[in-house]
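# Observations on chain architecture
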Amino acid sequence: STKTADQTANWKTYTNTTYNYSIRLPSAYPDNSETNIDQSSGELDLKMVTSSVWVAVWKNSGNLTTDEWLKKIGNTVGKNTYPAQKTTFNGYDALVSNRGQSTNWYFISHGNYIYEVEDNETVGAAPTFKPTQQQIKDQKEILSSFKFTQ
């Protein structure tokens, strides 16, 4: 038997109604680190930083495929993000870019947006961020909880 259900039983579900996704977070996360959201001008619409998991929502105004979009603005997103490999992320077609440093960036096209979901074991929210073993364990659960609500 697995303890996963018990482990996440009291977690909170964060739902973003503007961008139609939800993600589950440990209830122990202090409010100020739970959803560190900044609205930005330009292509990047939203970035949510949660411990060692990032969610960024990018406008896909040209209605490009994920591959075309990444090829076009990959260097804006981050160095060495293109080319990326086809994969499945929580049942969604995605591209994954492994940027080293135990970092995987998943890109999923949904509606008029590209969603970048990033697991970041060693880099985290800042180069100085060092997650605990519990945060790394939680991170896998957080990532697996990401889903679109519409």
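Residues numbered from 1 in each chain as written. Predicted model: local features only at pLDDT ≥ 70, side-chain atom pairs only at ≥ 80, totals over all residues. Heavy atoms only, no water.

Okay, the nonpolar core next. The biggest cluster of nonpolar side chains holds 20 residues, and the ones touching the most others in it are Y21, I23, F89, I108, Y115 and F146. Broken down by secondary-structure element, the contributors of at least two residues to this core are β2 (21-25), β5 (53-59), β7 (92-98), β8 (103-110), β9 (113-120) and α4 (133-145). (Core = buried A, V, L, I, M, F, W, Y, C linked by side-chain atoms within 4.5 Å. Buried < 20%, exposed > 50% of the residue type's maximum accessible area, 1.4 Å probe, protein only. Helix = DSSP H or I, 4+ residues; strand = E, 2+ residues; numbered from the N terminus.)

Let us now look at the side chain of T66. Counting through the fold element by element, T66 comes out in helix α3 (residues 66-77). Apart from residues no more than four positions distant in its own chain, T66 is found in contact with L95, F107, S109 and I114. (Contact = heavy atoms within 4.5 Å.)

Turning our attention to the sheet that holds strand β1 (residues 12-16). The strand order β1-β2-β10 describes an open sheet built from three strands, whose pairing is antiparallel. Whereas interior strands pair on both sides, the edge strands pair on one side only; in this sheet they are β1 and β10 (147-148). Where β2 lies against β10, two bridges are found, and the strand directions are antiparallel. Of the residues in β10, the one forming a bridge with S22 is K147. Taken strand by strand, α4 contacts β2 and β10, and its axis lies near 160° from that of β2. (Pairing = 2+ DSSP bridges. Axes fitted to C-alpha atoms, helices over the stretch in contact; angles between N-to-C directions.)

In this section: the pairing of β8. Counting buried positions along β8 yields six of eight residues, so the element is predominantly enclosed. Note that β7 and β8 share four bridges and pair antiparallel. Across the sheet, residue L95 finds its bridge partner in β8, namely F107.

Further remarks concern the confidence of the model for the protein. On average, residues of the protein score 74 in pLDDT, and 64% of them are at 70 or above. Element-level pLDDT for the protein is lowest in helix α2 (residues 31-34), with a mean of 42, against a maximum mean of 96 in β10. Contacts of residues 31-42 to residues separated by more than four positions or lying in other chains number 29 contacts, the stretch itself having pLDDT below 50. Here residues 122-126 scores under 50 on pLDDT; set against residues more than four positions off or in separate chains, the count is 14 contacts. (pLDDT = per-residue confidence, 0-100.)

This brings us to the environment of W69. Checked against the element boundaries, W69 lands in helix α3. Spatially, the C-alpha atoms of W69 and F107 are 9.8 Å apart, while their sequence positions differ by 38 residues.

Phi at N63 is positive, roughly 55°, even though this residue is not glycine. With respect to the helices and strands, N63 occurs in the loop between β5 and α3. On the accessibility criterion, N63 (59% relative accessible area) is exposed. Even without a glycine there, the phi angle at N90 is positive, about 50°. Tracing the sequence through the fold places N90 in the loop between β6 (85-89) and β7. N90 sits in the partly exposed class, given a relative accessible area of 34%.

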